Amino acid sequence: FYATADKAEAATTAATAPPRATVAAAAALPPHSKDRWHVAIVELQALGYDLGSASQPAMEACYPPYKSSSPSTLNFILLREPRSHVLSQFLECRFTRFGSWVTWADSLRHAEWQKECKRTRCGINRFGERFGGSRNRTAASILAGFEPWIRHFARVQGSARRSGVDDFGCYDARSLQTRALTCARRGGYASHHYDGEASLAGAMEVVRQVDLLGVTELYHESLCLVHFRVQGALPPSCVCTADANHSAGGGTMRHEHRTHGGPRDFGLSALPQALLPTVDAVTRDDAQLYEAALRRVVRDIRSVETQAGARVLCSAAPRYSAPGGATGQA
């Protein structure tokens, strides 16, 4: 996910704030009539709602064509732990209206499938034939679909045939976040499809240089970073209380929660340990990128805590190491 916001009010607020900024009374960002948020999703559509941008169009796209270089804007990127992210992609393709739309559109482009479909009066598309349909929501069925899907991409990972791989019209799972931060094509959904343009070095540079960075696993705290940068102060909901919880009495920050339509209890814990190395092979670059991103986000939180004289991260900072010993630097 990335977004841009108007810098003017943030600069004004910061200029008038004391050296150790007090907690802001408002628990919400200024309205987007004042703060211009451009929303284009790499990761979470819900973030657009939490930033007050629900009325603005949103799309999944490559970051570079839409990055704002204007001094009056802030660019914000949100990344996610790679194993969770790749499972989320599969659930999106299988259970959502979007997934149904793109996989059916892809199937209709294949003449052989159309011929067979007319003959058998099929009620399922190419993705569903291989990886299961949306009606079966049991954990066993989801796992039976996810395993061949992730192995499909693992077979071509690192091989000469990196482009032109069948993605069934939906996500190509190979380090999608790295790809989204570096691909150059314009238009919605361009980052979904692998054209060999992913650059880990380029994505690392984006993580180092972007105005604001967050991670899904510190979602609340990431929004607090946005609040502090835009307003120059923290809302009460961002400040830890004595019992190590965020303040409820001083105002709460509500978060939009969206699911893919599958069972809520199906997560990483449902995946067999033997399958995780395959997932890690497909997301190798994303793992290094996420490790670097998490380190920067924690540093940024600590910096805000020092400036605001308040604790934002109420528990121990999460740790993450890229599987296989690779290290992301930022």
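Right, let's walk through the structure included here. The structure displayed is predicted, hence computed values, not measured ones. (Residues numbered from 1 in each chain as written. Predicted model: local features only at pLDDT ≥ 70, side-chain atom pairs only at ≥ 80, totals over all residues. Heavy atoms only, no water.)

1. Points about the state of the cysteines
Operational definition: When the sulfur atoms of two cysteines come within 2.5 Å, that pair is taken as a disulfide. Secondary structure elements follow DSSP: runs of H or I no shorter than four residues count as helices, runs of E no shorter than two count as strands, and numbering proceeds from the N terminus.
What the rule picks out here adds up to four disulfides. One disulfide bridge connects Cys62 with Cys183, the sulfur atoms lying 1.9 Å from each other. Taking the sign of the S-S torsion, -115 degrees for the link of Cys62 and Cys183, the bridge is left-handed. Separated by 121 residues along the polypeptide, Cys62 in the loop between α2 (46-50) and β3 (73-79) and Cys183 in the loop between α8 (176-182) and α9 (200-209) bring together distant segments of the chain.

2. Description of the pairing of β3
Selection rule: Only protein chains enter the accessibility calculation, which uses a 1.4 Å probe. A residue is then buried if its area is under 20% of the maximum for its type, exposed if over 50%, and partly exposed in between. Pairing between strands is defined by DSSP: at least two bridges between the two strands are required.
In terms of burial, β3 is a largely internal element, seven of the seven residues being buried. Here β3 shows no split at all, with Thr73, Asn75, Ile77 and Leu79 on one side and Leu74, Phe76 and Leu78 on the other all buried. Bridge analysis of β3 against strand β4 (residues 212-215) gives four bridges, and the strand direction is parallel. The partner of Ile77 across the bridge, within β4, is Leu213.

3. With respect to the pattern of salt bridges
Quick note on the threshold: When a carboxyl oxygen of Asp or Glu lies within 4 Å of a side-chain nitrogen of Lys or Arg, that pair is called a salt bridge.
The tally for this structure, following the rule as stated, stands at 10 salt bridges. Between Asp166 and Arg126 there is a salt bridge, and its shortest N-O distance comes to 2.3 Å. Here the residue Asp166 occupies a position in the loop between α7 (139-154) and α8, and Arg126 occupies one in helix α6 (residues 126-131), the gap between them amounting to 40 residues. Residue class for Asp166 comes out partly exposed when judged on its relative accessible area of 24%. For Arg126, a relative accessible area of 11% puts it in the buried group. Several salt bridges share partner residues, and in doing so they unite Asp106, Arg109, Arg126 and Asp166 into one network.

4. Digging into the packing of aromatic side chains
Our working rule: Here a Phe, Tyr or Trp ring, Trp counted by its six-membered ring, pairs with any other such ring whose centre lies within 6.5 Å, and the pair is stacked when the planes are under 30 degrees apart, edge-to-face when over 60, and tilted otherwise.
Using the criterion set out here, one finds 12 aromatic pairs in the structure. Ring centres of Phe90 and Trp149 lie 5.4 Å apart, and the angle between their planes is 55 degrees; on these two criteria the pair is classed as tilted. Taken together, the residues span a long stretch of sequence, with Phe90 in helix α3 (residues 82-95) and Trp149 in helix α7 at a distance of 59 residues. Neither Phe90 nor Trp149 differs from the other in exposure class; each is buried. Between the aromatic rings of Tyr290 and Tyr320, the centroid separation amounts to 4.9 Å while the plane-to-plane angle is 85 degrees, which identifies the pairing as edge-to-face. Of the two residues, Tyr290 sits in helix α12 (residues 284-308) while Tyr320 sits in the segment after α12, which places them 30 residues apart along the sequence.

5. Some remarks on the nonpolar core
In plain terms, the rule: We define a nonpolar core as any set of buried Ala, Val, Leu, Ile, Met, Phe, Trp, Tyr and Cys residues linked to one another through side-chain atoms lying within 4.5 Å. Two residues qualify as a contact provided that any one of their heavy atoms is within 4.5 Å of a heavy atom in the partner residue.
Within the largest apolar cluster, 35 residues are counted, with the highest numbers of intra-cluster contacts made by Ile77, Leu181, Leu218, Leu234 and Leu289. Every element with two or more residues in this core is listed here: β3, α9, β4, α10 (219-231) and α12. With 11 residues, the top contributor of residues to this core is α12. If we skip the residues at most four places from it in the chain, Leu181 touches Tyr63, Pro64, Ile77, Leu79, Ala203, Val206, Val207 and Leu289. Membership of the second largest hydrophobic core comes to 26 residues, among which are Phe127, Cys170, Phe266 and Leu275.

6. A short note on α7
The condition is simple: To estimate how far a helix should extend, the number of its residues minus one is multiplied by 1.5 Å. Here the arc refers to the set of directions running from the helix axis out to each C-beta atom.
Along its 16 residues, α7 runs 22 Å from first to last C-alpha, staying within 8% of the 22 Å computed at 1.5 Å per residue. Looking only at α7, the buried set comprises Ser141, Ile142, Gly145, Phe146, Trp149, Ile150, His152 and Phe153. Along the long axis of α7, the arc covered by the buried residues comes to 145 degrees, so they all point the same way. Facing away from the buried side of α7, by more than 90 degrees, are the exposed residues Ala140 and Ala144.

7. Some details on unusual backbone geometry
A positive phi angle is found at Phe168, which is not glycine, with a value near 60 degrees. According to the relative accessible area criterion, Phe168 is buried, its value standing at 1%. Non-glycine residue Tyr189 carries a positive phi angle of around 70 degrees. Secondary-structure assignment places Tyr189 in the loop between α8 and α9.

Just distances and angles here, no functional claims.
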